Amino acid sequence: MEKRQFLSELRRDLVTGDWVLIAKGRAKRPNVFADLKKEKFSQPIRLCPFEAPQKSGNLDPLLVYDRKGRRKIFSEWKDNPTDWFLQVLPNKFPAIGQGVCEDTHEVGPYLVMDGVGSHEVVITRNHTKHPGYFSGEEMNLLVGAYKERYLALMTRECVKYISIFHNNGRAAGASLSHPHSQIMAIPIVPLDIRRSLGGSEKYYQNHKKCVHCVMLEWEITDRKRIIFENELAIAFCPFISRAAFEIKIFPKIHQSYFEKINENELKMFSEVLRISLAKLRCGLNDPDYNFYIHTAPVKDEVDWHHYHWHVEILPKTGVWAGFELGTGIEISTIEPEKAAEYLRKVKV
Ligand SMILES: [Zn+2]
Ligand SMILES: [Zn+2]
């Protein structure tokens, strides 16, 4: 018997147990999302603190790649400080800072700890060229810088989790229009990550398999939600999409820790990230977006071998309103199958 077509469908996340609502009845044609009214966010170059970062009061870079993509030693580079493609800077307005590692202390009935860690900014040279416009080489350098800083930060004493993310556009929370990513090393493992880790651990105990590998296997067999793939990485609109045109990118071979990727894996992953962002840019008329890496914690008592690191891209296709805030259930206004089919066909 053919399954009845209903207006909407609730789908349950295999990892977190959360439900999402896929609203088929309200589903729009995919290209309608390209016409959504957007506030263009562009600050003038002359006011931009990332054009000549050190002259604008930023500290010396922690990492520099020159225009040819070569890693530079700071003492050599500072004689010719205009030659850069990428710089990693300490954040001028850090949300978390240097300090002494300490345990929590009590304040009344509450637990409190100092915000010890580090907050860095990764900037690329061009004022308007966000990663959706990058060449293959440029994306390799960006992801390579993420990895290099991750490896440096994970050796610090208090660091438990390192969050790497990119906000593009005002609606995505960027305060500066100049393209920049951020890296925050923090002394706790955040709740969202804990829930995913807990979910994947539980699944592993019950099934002796990585829950993400099971999802990947099904996506690769079903094919309906795949956007782009190469030998080692794959991008798809997840079956449990929390927003219209959400994309997840996974390494195809099981791997828990982002920082352990080798050069070839990094290249393949970067290609899939680059093409996914370019497809969003071309298919949805350059939307604002966030992307971030989810990876196993740096130091913990547990071995997170059952976790599978990945990147999530969330284009700003909707806003959290009363229902979402009141229930935590997100409504996706297009079926991920339709979103993926549309993006798959976008030429970049
Ligand atoms: Zn700029
Ligand atoms: Zn896996």
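So, a few notes on the structure that sits alongside this text. (Residues numbered from 1 in each chain as written. Chains lettered and ligands numbered in written order. Predicted model: local features only at pLDDT ≥ 70, side-chain atom pairs only at ≥ 80, totals over all residues. Heavy atoms only, no water.)

All of the protein donors around the zinc ion (ligand 2) are Cys210 (SG), Cys213 (SG), His254 (ND1) and His308 (ND1); their distances to the metal are 2.0 to 2.3 Å. Coordination at the zinc ion (ligand 2) is tetrahedral: its four donor atoms span angles of 105 to 116° at the metal. Mapped onto the sequence, the residues coordinating the zinc ion (ligand 2) show the spacing C-x2-C-x40-H-x53-H. Taken together, the positions of Cys213 in helix 4 (residues 211–222) and His254 in the loop between strand 13 (247–251) and helix 5 (263–283) put the pair 41 residues apart, joining distant regions of the chain. (Donors = N, O, S within 2.8 Å, 3.2 Å for Na, K, Ca; no water. Tetrahedral: all angles 85-135°; square planar, octahedral: opposite > 155°, others 65-115°. Helix = DSSP H or I, 4+ residues; strand = E, 2+ residues; numbered from the N terminus.)

With that out of the way, let us pick up the coordination of the zinc ion (ligand 1). Taken together, Cys48 (SG), Glu51 (OE), His127 (ND1) and His178 (ND1) make up the protein donors of the zinc ion (ligand 1), found 1.9 to 2.2 Å from the metal. All donors to the zinc ion (ligand 1) come from one chain, and their sequence spacing reads C-x2-E-x75-H-x50-H. With a gap of 79 residues between them, Cys48 in the loop between strand 2 (19–23) and strand 3 (63–65) and His127 in the loop between strand 8 (118–124) and helix 2 (136–153) connect regions that are remote in the sequence. Look at Cys48 and you get buried, because its relative accessible area is 10%. (Buried < 20%, exposed > 50% of the residue type's maximum accessible area, 1.4 Å probe, protein only.)

Right, let's talk about unusual backbone geometry for a bit. Here Lys208, not a glycine, exhibits a phi torsion of approximately 55°, which is positive. Within the chain, Asn285 stands out as a residue other than glycine whose phi angle is a positive 60°. Its place among the elements puts Asn285 in the loop between helix 5 and strand 14 (289–294). Using a relative accessible area of 46% as the deciding quantity, one classes Asn285 as partly exposed.

Below, the discussion takes up the pattern of salt bridges. Per the stated rule, a full pass over the model turns up 19 salt bridges. The partner of Glu337 in a salt bridge is Arg11, and the shortest N-O contact between them spans 3.2 Å. Residue Glu337 is located in helix 7 (residues 336–345), and its partner Arg11 is located in strand 1 (residues 8–12); the two are separated by 326 residues in the primary sequence. Comparing Glu337 with Arg11, the two get one shared label, buried. Between Glu148 and Arg71 there is a salt bridge; the shortest N-O distance is 2.3 Å. Of this pair, Glu148 sits in helix 2 while Arg71 sits in strand 4 (residues 71–72); the two residues are 77 residues apart in sequence, bridging distant segments of the chain. Exposure remark for Glu148: the relative accessible area of 23% places this residue in the partly exposed category. (Salt bridge = Lys/Arg side-chain N within 4 Å of Asp/Glu carboxyl O.)

Let's shift gears to the packing of helix 2 against helix 5. For the pair helix 2 and helix 5, interaxial distance at closest approach is 9 Å and the crossing angle is 115°. For the crossing formed where helix 2 meets helix 5, the hand is right-handed. Contacts between helix 2 and helix 5 involve Gly136, Met139, Asn140, Val143, Gly144 and Lys147 from the former and Leu266, Lys267, Ser270, Leu273, Arg274 and Leu277 from the latter. Residue composition of the contact of helix 2 with helix 5, grouped by class: five nonpolar, four polar and three charged. (Axes fitted to C-alpha atoms, helices over the stretch in contact; angles between N-to-C directions. Left-handed = near helix turned anticlockwise from the far one by under 90°. Contact = heavy atoms within 4.5 Å. Nonpolar A, V, L, I, M, F, W, Y, C, P; charged D, E, K, R; others polar.)

Right, let's get into the state of the cysteines. Per the counting criterion, the structure on display carries one disulfide. Cys101 shares a disulfide with Cys158; S-S distance 1.7 Å. Between Cys101 and Cys158, the disulfide has an S-S torsion of -115° and is therefore left-handed. Note that Cys101 is positioned in the loop between strand 5 (86–90) and strand 6 (105–107) and Cys158 in the loop between helix 2 and strand 9 (161–168), a separation of 57 residues in sequence. You can see Cys237 has no disulfide; the closest cysteine sulfur is in Cys282, sitting 15 Å from it. Judged by relative accessible area, which is 0%, Cys237 ranks as buried. (Disulfide = S-S within 2.5 Å.)

Turning next to the packing of aromatic side chains. A full pass over the atoms with the stated rule returns 10 aromatic pairs. With centroids separated by 6.0 Å and ring planes inclined at 40°, the aromatic side chains of Phe74 and Trp77 adopt a geometry described as tilted. Residue Phe74 and its partner Trp77 are located together in helix 1 (residues 74–77), separated by three residues, close to a single helical turn. Plain terms: the ring middles of Trp218 and Phe239 are 5.4 Å apart, the flat faces sit at 85° to each other, and that makes the pair edge-to-face. Of this pair, Trp218 sits in helix 4 while Phe239 sits in the loop between strand 12 (233–236) and strand 13; the two residues are 21 residues apart in sequence, bridging distant segments of the chain. Phe239 gets classed as partly exposed once you look at its relative accessible area, which sits at 27%. (Phe/Tyr/Trp six-rings, centres within 6.5 Å; stacked < 30°, edge-to-face > 60°.)

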